[in-house]
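Reading the structure
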Amino acid sequence: VERQAGGVRPTVELVRERLHPGNALRVFAGASVVLECSDNYATKFLAADAARLSEVPIVHGAAIRWVGTALAVGPQGGPCYRCLFEDLPEGAQATCDLAGVVGPVCGIIGALQASFALTLPAEVAPTYAKLAAFATIASGAIGSIGAGVLADRLEHGEGPPGPVSVTFETSAAA
């Protein structure tokens, strides 16, 4: 892995504390990259904001029911989670606890996050602004993985208000 990751020897530090506004900057301080795997929007936005303020790359992961996504964001923050979702959604939102999630979807999204995370600090490939999506057969997508670039917001905070256009190239999973 070291040779293929541009000479970087990956190490992982597991932080065993709940992320909240009072500790987020401290938790992110000194990190090479953060993997965000929470199941609620408030924590996702907090992690995105803390990564931006700390200038730490972050890889967001999300899975619900039969689909999942991974988003890589560079240390300068753009395009970021807030570029996709400007603020917390209003009203009740589906969570893994209520809507369910298929275990293998989490595994695939975790693998995509790990792949992104290994390339971010090593600058092996242009990974920033990449959004990967996975959908299983049950979702009607015939087990496809797509990779897209967040084209409309290449700089944090720029771009038109409203939805971001994401262009996906998909390939059927073997």
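Residues numbered from 1 in each chain as written. Predicted model: local features only at pLDDT ≥ 70, side-chain atom pairs only at ≥ 80, totals over all residues. Heavy atoms only, no water.

**Some details on the pairing of strand β3 (residues 67–73)**
Every regular strand shows the same layout, with side chains that alternate between the two sheet faces. The buried count for β3 comes to five of seven residues, which makes it a mostly enclosed element. Bridge analysis of strand β2 (residues 58–64) against β3 gives seven bridges, and the strand direction is antiparallel. Paired with V59 across the bridge in β3 is A72. Joining the antiparallel neighbours β2 and β3 is a turn of two residues, in which R65 adopts a positive phi near 50°. Note: β3 against strand β4 (residues 130–135), six bridges, orientation antiparallel. Bridged to G68 within β4 is F134. (Buried < 20%, exposed > 50% of the residue type's maximum accessible area, 1.4 Å probe, protein only. Helix = DSSP H or I, 4+ residues; strand = E, 2+ residues; numbered from the N terminus. Pairing = 2+ DSSP bridges.)

**Some points on unusual backbone geometry**
Of note, E55 is a non-glycine position whose phi angle comes to about 55°, a positive value. The residue E55 is located in the loop between α2 (41–54) and β2 in this model. Residue R65 is not a glycine yet carries a positive backbone phi of 50°. Here R65 lies in the loop between β2 and β3. The partly exposed category is assigned to R65, whose relative accessible area is 45%.

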